[in-house]
Amino acid sequence: MTVITRFAPSPTGFLHIGGARTALFNWLFARHHGGRFLLRIEDTDRQRSTTEAIDAILDGLRWLGLEWDGEPVFQSARAARHAEVAHQLLAEGKAYYCYCTQEELQAMRDEARAAGRPVRYDGRWRDRDPSEAPTDVPPVVRVKAPQVGETVIEDLVQGEVRIANEQLDDMVLLRADGTPTYMLSVVVDDHDMGITHVIRGDDHLTNAFRQLQLYNAMDWTAPIFAHIPLIHGPDGAKLSKRHGALGVEAYRDMGYLPEALRNYLLRLGWAHGDEEIIDTEQAIAWFDLDGVGRSPSRFDFAKLGNLNGHYLRAADDARLVDLVLPRLERRLDGMPDAAARTRLFLGMPGLKARAKTLEELADNAVFYARSRPLPMSEKALDLLTPEARARLDRLAALLAEVEDWTEAAVEEKIRQLVDAEGVKLGQVAQPLRAALTGSTTSPGLFEVMAVLGRDETLARLGDARRVGEARTVN
RNA sequence: GUCCCCAUCGUCUAGCGGUCUAGGACAUCGCCCUUUCACGGCGAAAACACGGGUUCGAGUCCCGUUGGGGACGCCA
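Residues numbered from 1 in each chain as written. Chains lettered and ligands numbered in written order. Predicted model: local features only at pLDDT ≥ 70, side-chain atom pairs only at ≥ 80, totals over all residues. Heavy atoms only, no water.

## Concerning empty space enclosed by the protein
Here is step 1 of the chain: Evaluated as defined, the whole model comprises one cavity of 30 Å³ or more.
Here is step 2 of the chain: By volume, the largest cavity is sized at about 30 Å³.
Here is step 3 of the chain: Lining the largest cavity, in full, are P373, L374, M376, A435, R460, D463 and V467.
Here is step 4 of the chain: Among the elements that make up the lining of the largest cavity, the one with the highest residue count is helix α18 (residues 445–473) (three residues).
Here is step 5 of the chain: In the lining of the largest cavity, the residues fall into five nonpolar, no polar and two charged. (1 Å grid on protein atoms, 1.4 Å probe; cavity = no way out; pocket = protein on both sides within 12 Å on 5 of 7 lines; lining within 4 Å. Points joined across faces, edges and corners; volume = space filled by probe spheres on them. Helix = DSSP H or I, 4+ residues; strand = E, 2+ residues; numbered from the N terminus. Nonpolar A, V, L, I, M, F, W, Y, C, P; charged D, E, K, R; others polar.)

## Regarding the pairing of strand β6 (residues 150–155)
Along any regular strand, the residues point their side chains to alternate faces of the sheet.
Here is step 1 of the chain: Burial along β6 is one-sided: T151, I153 and D155 are buried, while E150, V152 and E154, pointing the other way, are not.
Here is step 2 of the chain: Both β6 and strand β7 (residues 159–164) contribute to a ladder of six bridges, which runs antiparallel. Residue pairing for β7: E154 is matched across the bridge by E160.
Here is step 3 of the chain: Taking the residues that link successive antiparallel strands as the turn, the β6-β7 hairpin has three residues. (Buried < 20%, exposed > 50% of the residue type's maximum accessible area, 1.4 Å probe, protein only. Pairing = 2+ DSSP bridges.)

## Things to note about the pattern of salt bridges
Here is step 1 of the chain: All chains considered together, the criterion is met by 36 salt bridges.
Here is step 2 of the chain: For the salt bridge of R31 with D69, the shortest nitrogen-to-oxygen distance reads 3.4 Å. Of this pair, R31 sits in helix α1 (residues 17–32) while D69 sits in the loop between α2 (51–64) and β3 (73–74), and the two are 38 residues apart along the sequence.
Here is step 3 of the chain: Taking the shortest distance from any N to any O, the salt bridge between D253 and R252 comes out at 3.3 Å.
Here is step 4 of the chain: Taking relative accessible area as the criterion, R252 reaches 33% and is therefore assigned partly exposed. (Salt bridge = Lys/Arg side-chain N within 4 Å of Asp/Glu carboxyl O.)

## Points about unusual backbone geometry
Here is step 1 of the chain: Backbone torsion omega between R372 and P373 reads -10 degrees, so that peptide bond is classified as cis.
Here is step 2 of the chain: With respect to the helices, strands and loops of the structure, P373 is situated in the loop between α13 (358–369) and α14 (378–383).
Here is step 3 of the chain: In the Ramachandran plot, D219 falls in the positive-phi region, its phi being about 65 degrees despite a non-glycine side chain.
Here is step 4 of the chain: The exposure class assigned to D219 is exposed, which follows from its relative accessible area of 68%.

## Considering the layout of surface pockets
Here is step 1 of the chain: Approximately 1,100 Å³ is the volume attributed to the largest pocket.
Here is step 2 of the chain: S10, H16, G19, D203 and H204 are, among the 38 residues lining the largest pocket, the residues nearest its centre.
Here is step 3 of the chain: Of all the elements in the fold, those that place two or more residues in the lining of the largest pocket are β1 (4–7), α1, β9 (197–201) and β11 (231–232).

## Remarks on the packing of helix α11 (residues 317–331) against helix α12 (residues 338–352)
Here is step 1 of the chain: Running from amino to carboxyl end, α11 crosses α12 at an angle of 110 degrees, the nearest separation of the two axes being 9 Å. One finds that α11 runs roughly perpendicular with respect to α12. Judged by residue contacts, D317, A318, L320, V321, V324, L325 and L328 of α11 engage R341, L344, F345, M348, P349 and K352 from α12.
Here is step 2 of the chain: Per-class residue counts for the contact of α11 with α12 are ten nonpolar, no polar and three charged. (Axes fitted to C-alpha atoms, helices over the stretch in contact; angles between N-to-C directions. Parallel < 35°, antiparallel > 145°, perpendicular 65-115°, else oblique. Contact = heavy atoms within 4.5 Å.)

## Observations concerning the domain arrangement of chain A
Here is step 1 of the chain: Examined at the domain level, chain A breaks down into domain 1 (4–70 + 231–305), domain 2 (76–183), domain 3 (316–369) and domain 4 (378–473).
Here is step 2 of the chain: Taking only C-alpha atoms, the centre of domain 1 and the centre of domain 4 are 48 Å apart. (Domains from an automatic or database assignment.)

## Digging into the sheet that holds strand β4 (residues 95–98)
Here is step 1 of the chain: Spatially, three strands are ordered β4-β5-β8 in an open sheet, and the strand pairing comes out antiparallel. Looking at the sheet topology across the chains shown, the edges are occupied by β4 and β8 (172–174). For this sheet the average axis-to-axis angle between neighbouring strands, irrespective of direction, equals 45 degrees.
Here is step 2 of the chain: Two elements, β4 and strand β5 (residues 140–143), share four bridges in a ladder whose sense is antiparallel. Its bridge partner lying in β5, A95 is registered against V143.

## Observations concerning α13
In an α-helix, one turn spans 3.6 residues, which is why side chains three or four residues apart end up on the same side.
Here is step 1 of the chain: In this model, α13 (twelve residues) spans 15 Å end to end at C-alpha, consistent with the 16 Å of a helix rising 1.5 Å per residue.
Here is step 2 of the chain: Along α13, the residues classified as buried are L358, L361, A362, A365, V366, F367, Y368 and A369. (Expected span 1.5 Å × (residues − 1).)

## Focus: the side chain of Q213
Here is step 1 of the chain: Relative to the elements of secondary structure, Q213 occurs in helix α6 (residues 205–218).
Here is step 2 of the chain: Look at Q213 and you get buried, because its relative accessible area is 10%.
Here is step 3 of the chain: If we skip the residues at most four places from it in the chain, Q213 touches A145, P146, T151, N165 and L168.

## Observations concerning the packing of aromatic side chains
Here is step 1 of the chain: Evaluation of the coordinates by the stated rule reveals nine aromatic pairs.
Here is step 2 of the chain: With 5.1 Å between their ring centres and 55 degrees between their planes, F25 and F287 make a pair best called tilted. Here F25 is found in helix α1, whereas its partner F287 is found in the loop between α9 (280–286) and β12 (297–298), with 262 residues between them in sequence. Of the two residues, F25 and F287, both sit in the buried class.
Here is step 3 of the chain: Taking 6.3 Å as the distance between ring centres and 50 degrees as the angle between the ring planes, the aromatic pair formed by Y251 and Y256 counts as tilted.
Here is step 4 of the chain: These aromatic residues form a ring-pair network of at least three members: Y251, Y256, Y264, F299 and F301.
Here is step 5 of the chain: Here the basic side chain of R21 rests over the ring of F25, its NZ or CZ set 5.3 Å away from the ring centre.
Here is step 6 of the chain: It is R128 that lies over the ring of W125; its NZ or CZ is 3.9 Å from the centre. (Phe/Tyr/Trp six-rings, centres within 6.5 Å; stacked < 30°, edge-to-face > 60°. Lys NZ or Arg CZ within 6 Å of the ring centre and 35° of its normal.)

## Details of the sheet that holds β1
Here is step 1 of the chain: Ordered by their spatial adjacency, three strands build an open sheet running β1-β2-β3, and the pairing between neighbours is parallel. The open sheet has two free edges, formed respectively by β1 and β3, since each of these has just one partner strand.
Here is step 2 of the chain: As defined by bridge partners, β1 adjoins strand β2 (residues 36–41) across four bridges and the pair is classed as parallel. Bridged to F7 within β2 is L39.
Here is step 3 of the chain: Contacts between α1 and the sheet are confined to β1 and β2, with β1 contributing the most and set at about 165 degrees to the helix.

If you want it as structure tokens, here you go:
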């Protein structure tokens, strides 16, 4: 049997982080078993569904690298088929028309709650004679659900879960306007699409019982269910926009790499022994539902940041230059020129070791892309004392002698100066760093100098002397 | 209110009756490395919610309590 999974978001917003994990698990499960991963847009609530949301979800999945097989299925396009199934059930006496008004239903619920009974539809039209039907109320179609016994689900994550049928009521299949409800649509679509495994959030667990009853009514084989626990916010409450329930594009904008987010999301609720760093290929090889836990987890930016740092360090330098360029453009007047791009590429090894996100990477990289004279931070300015500037002048004279400008060559000159003046390396290095980067922290200086090249290095040293003088005067 | 699910360090988790004086990772705190900041290395502190059972033996099985979460729509 070929495994067929699906991700079925409703396009009422962006692809949030919980949905992204559900998609990831479905994708991994399908890939692991050599099956297919389908996408279905549940847009039957046309008031709330928007094309922007659909695009956001598709873009989010693509960015995360979760490519689906075939064309996405739009649920709204299948309304006729859903209605057809409802009518078949009606014809077979497995469903019936219900003429309750909204007010009547509300009163029913209020009463049940007040009396401490389960809040359910009481089935008052289930066996009523059609001749009693009012003519001024458009009816809905309800399924005749079993009233005694129990419904049991063998869930691949939750295990065996059972519920007494009296807890379930006769759910609506077709609304008064003839459109299908979600419960009907999912079942018909999952069946028609040949879905073998339904992997989704455990907020759907109770829905699964009702859906199973529908499968039974239609005499269809139900898919295997796997309800994965939800992701909570740092405070343990349901994930809200305030703490992490952002769209995946927000994570992209914050500077996280898709492979890092995949790894992080994978480890949220799933484990393979003590493994932490799991690339996608390895994830496909290892992923299965028996590794999924049953308790909800909390979203932790610190751990995501750590993982992102790891993947940043492992990333290709040219790719990182491409990713960081638009972020630099926002920090500068315009797009960095060719010379700056070359520096970024050459300086990337030192840069990427010091960043947890692309945003940080961009912050740390601006000094390579800026045109002279560099703006100086307060702390950097503090380092450019008259004494330090004098020393930088002597250093500049030494450096000017260097013919073959390499890391080793500039290091030799600096050490030579340090020895000659009997100072610590730091006493030269920190003012030098301030002069070359405008900051007090940066990648290793010899590397920075090699990347900047001889002319730029000497020019920046000259700039720093002037800036320092101007400041001393004030 | 009714039903369902969950419960190991602050967080993510390993653990599938004895090898657990409970392991790893992130975060935290020391030390080392060091031209700054990171990275890296070494080390420390930190958990089986509680109460009953079952068993020779329970973090692991059962029941209850407490605490979280979810579902109860002509939303999806």
